[in-house]
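Inside the fold
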Amino acid sequence: QVQLVESGGGLVQPGGSLRLSCAASERILSINTMGWYRQAPGKQRDLVASITSGGNTNYADSVKGRFTISRDNAKSTVSLQMNSLKPEDTAVYYCNLKFFGSNYDYWGQGTQVTVSS
């Protein structure tokens, strides 16, 4: 069972930057998509950004131009660079892994991002 361990997050002022990282507990060799979702209090969990093992990326409209997702296939890690943060970016951010052809989602434990002055 693959485990995802997240790091980063915290409190930042509006306009600031944060970087989230997520590492899989084992080397991932199969075709897959890794990504970040977020969930604010009282709201559903939504996709922020994803990246396939081939490097194709997808972003939510609300973060385009501000967030950048990247991955290191050799290390089975995925990162999310978040710039120009806004209060509405405040949420718990979850790392996600999905293997090609599978409907099963692996999730990290979540990391809090708070954007506030």
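Going by the structure above, here's the rest.
All of the points below concern the structure found in this document. Keep in mind the model is a prediction, meaning the values are calculated, not measured.

1. Remarks on the pairing of strand β8 (residues 77–82)
Pairing of strand β3 (residues 18–24) with β8 involves six bridges; the strand directions are antiparallel. When the sheet's bridge partners are listed, Leu 20 is paired in β8 with Leu 80. Of the pairings in the sheet, the one linking strand β7 (residues 67–72) to β8 comprises six bridges and is antiparallel in character. Considered in β8, the bridge of Ser 70 is made with Ser 79.

2. A word on the packing of aromatic side chains
Here the distance between the centres and the angle between the planes together describe a pair of aromatic rings. A full pass over the atoms with the stated rule returns four aromatic pairs. Here the aromatic rings of Tyr 37 and Trp 107 are separated by 5.1 Å at their centres, their planes lie at 75°, and the arrangement is edge-to-face. Linking Tyr 37 in strand β4 (residues 32–39) with Trp 107 in strand β10 (residues 106–107), this pair joins segments that are 70 residues apart in sequence. Residue classification places Trp 107 among the partly exposed positions, given a relative accessible area of 33%. Taking 5.8 Å as the distance between ring centres and 90° as the angle between the ring planes, the aromatic pair formed by Phe 99 and Tyr 106 counts as edge-to-face. Among the aromatic residues, ring-to-ring pairing joins Tyr 37, Tyr 94 and Trp 107 into one connected group. Above the ring of Trp 107, the side-chain terminus of Arg 45 is found at 4.6 Å from the ring centroid.

Procedures and definitions
Residues numbered from 1 in each chain as written. Predicted model: local features only at pLDDT ≥ 70, side-chain atom pairs only at ≥ 80, totals over all residues. Heavy atoms only, no water. Pairing = 2+ DSSP bridges. Helix = DSSP H or I, 4+ residues; strand = E, 2+ residues; numbered from the N terminus. Phe/Tyr/Trp six-rings, centres within 6.5 Å; stacked < 30°, edge-to-face > 60°. Buried < 20%, exposed > 50% of the residue type's maximum accessible area, 1.4 Å probe, protein only. Lys NZ or Arg CZ within 6 Å of the ring centre and 35° of its normal.

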